[in-house]
Amino acid sequence: MRTVAVTLALGTAVFAAGAVLVEPGNPSPPATASAAAGARPAGSLQALTARLERLPGDWNTWSALAMASIEQARTSADPATYAKAEQALRRSLALQAHGNTGAEAGMAALAAARHDFTGALTWATKAVSSDPYNAAAYGVLADAHTQLGHYQDAEAAVQKMNDLRPDAASLARASYSFELRGDTVRAAELMRRSLTAATTDSARAFAHTCLSTLALEDGDARTALKEAEQGLRAGPADPALLDTRARALAALGRTAQALADWQRAVDIVPLPHLVLALGEMHQTLGHRPQAEAQYALLKAQDTVRASAGSPPDTDGILLEADHGSPARAVALAEQALRSRPFVAVHDAYAWALHRAGRDEEALVQADQALALGTRQALWHYHRAAIHHALGDDAAARTDLDAAPALHPLHARHARDLLERIGTRP
């Protein structure tokens, strides 16, 4: 499903991350923007560049080249390629200023990749205006609305996308709408339909990633493992699938295998949520030097992010809250929330406030994070700890019951919390 359908990453380390994706939860931007405008499929960077040498006025191919560059940024973890993508998109728009849905959707995708979600909304709105019957353009619009906290507007855009073209991309976005609302049964049904409709290995891998994540949210680690392994048979080097398999293995107590999967995923592409998971797995196993090495890498990535003027992401906030300075985590969260009032950011802000000893404020943010009914185990654990700090152990137990598949480090903390609740008068 490598079309201009570009969604934001949401979910366990994926959906919550907010990266620009082909489908919700897949950490892979689309390889081409040309499909949104009814153009030719895109190829590799080399093939696209060769075509432009022959046909420098092909505005569709310039858009496709831009999307391939965004894909390269994902696989290389090098955001410098975003500048190349923007240059290609500007060239496409210069060649075809009106009705260039592919380039407009590409600009929305690029803005979202840079966490400029207001800019993403502006460009996505232009794409829809250019072609109101283009399903992929509504997908980009839904992505922007989601990250800006406009959930009803996002759902309306997803519905329109499915009305126009109920393909794998549309069904995946619909699945995520239900996941955000906590309806994992309906979300899984739609994701299985997306898997059936998928026409590429990457789309099928993405669907298995999401199905594995949904199973974990339901506390079914064995099904989660089965889904991840099925996807890895076709794509053994897919970092998202390695991540979901690691989480399933960890939930089953197979920590050594989980550690190996996270290490391999980071070796392929050191995305922040993978680096954080690996570091915390090392910490769980008592490998303090290895854990600190991963935290140092993530802090270095955050320094690069800050120097580029990009807003903070949740991984950096949680890193500071748990392994650095809670006060800095609060400042980072406040900065992030100004440009991205998404549920995952509310959760990170809540945790930062809790770690800084500001629990009454933290509870307000934790409630906002879970207001839609999202079944994110980590978020429920965070609110449980906040409730406990405020003396409401009954509410803390309720949230802990809703956190069935935590990372081993947080699972240990959750067990400790339950023991404290049990001994409190």
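For the structure given in this document, a descriptive report is provided here. (Residues numbered from 1 in each chain as written. Predicted model: local features only at pLDDT ≥ 70, side-chain atom pairs only at ≥ 80, totals over all residues. Heavy atoms only, no water.)

Further remarks concern the packing of aromatic side chains. Applying the stated criterion across every chain, the model contains two aromatic pairs. Pairing Tyr 151 with Phe 342 gives two aromatic rings, centres 6.5 Å apart and planes at 45°, and the pair type is tilted. Pair noted here: Tyr 151 is in helix H8 (residues 151–164) and Phe 342 is in the loop between helix H18 (326–339) and helix H19 (343–355), with a separation of 191 residues, a long-range link. The pair formed by Tyr 151 and Phe 342 is uniform in burial state, with each residue classed as buried. When the ring centre of Trp 123 is taken as reference, the NZ or CZ atom of Lys 126 above it lies at 4.2 Å. Taking the ring centre of Phe 178 as reference, the NZ or CZ of Arg 186 above it sits at 5.6 Å. (Phe/Tyr/Trp six-rings, centres within 6.5 Å; stacked < 30°, edge-to-face > 60°. Helix = DSSP H or I, 4+ residues; strand = E, 2+ residues; numbered from the N terminus. Buried < 20%, exposed > 50% of the residue type's maximum accessible area, 1.4 Å probe, protein only. Lys NZ or Arg CZ within 6 Å of the ring centre and 35° of its normal.)

This paragraph deals with the environment of Asp 167. Relative to the helices and strands, Asp 167 is located in the loop between H8 and helix H9 (168–180). Each C-alpha atom, one on Asp 167 and one on Thr 199, is 9.7 Å from the other, the two residues being 32 residues apart in sequence. Reaching out from Asp 167, the side chain makes a polar contact with the backbone nitrogen of Ala 169 at a distance of 3.3 Å. (Polar contact = N/O pair within 3.5 Å; in protein donor to acceptor, adjacent residues only side chain to side chain.)

The next subject is the side chain of Ser 92. Positionally, Ser 92 belongs in helix H4 (residues 81–95). What makes Ser 92 buried here is its relative accessible area of 0%. Looking at Ser 92, its side chain comes within polar contact range of the side chain of Ser 63, at 3.0 Å. Setting aside residues no more than four positions away along its own chain, Ser 92 makes contact with Trp 59, Trp 62, Ser 63, Asn 100 and Ala 103. (Contact = heavy atoms within 4.5 Å.)

It is worth spelling out the packing of helix H17 (residues 314–323) against H19 at this point. The contact between H17 and H19 brings their axes to 9 Å, and the two run at 15°. Relative to H19, the element H17 lies roughly parallel. H17 and H19 meet at a crossing whose hand is left-handed. Between H17 and H19, the residues in contact are Thr 314, Ile 317, Leu 318, Ala 321 and Asp 322 and Ala 344, Val 345, Ala 348, Trp 351, Ala 352 and Arg 355, respectively. Looking at the contact of H17 with H19 residue by residue, the classes come out as eight nonpolar, one polar and two charged. (Axes fitted to C-alpha atoms, helices over the stretch in contact; angles between N-to-C directions. Parallel < 35°, antiparallel > 145°, perpendicular 65-115°, else oblique. Left-handed = near helix turned anticlockwise from the far one by under 90°. Nonpolar A, V, L, I, M, F, W, Y, C, P; charged D, E, K, R; others polar.)

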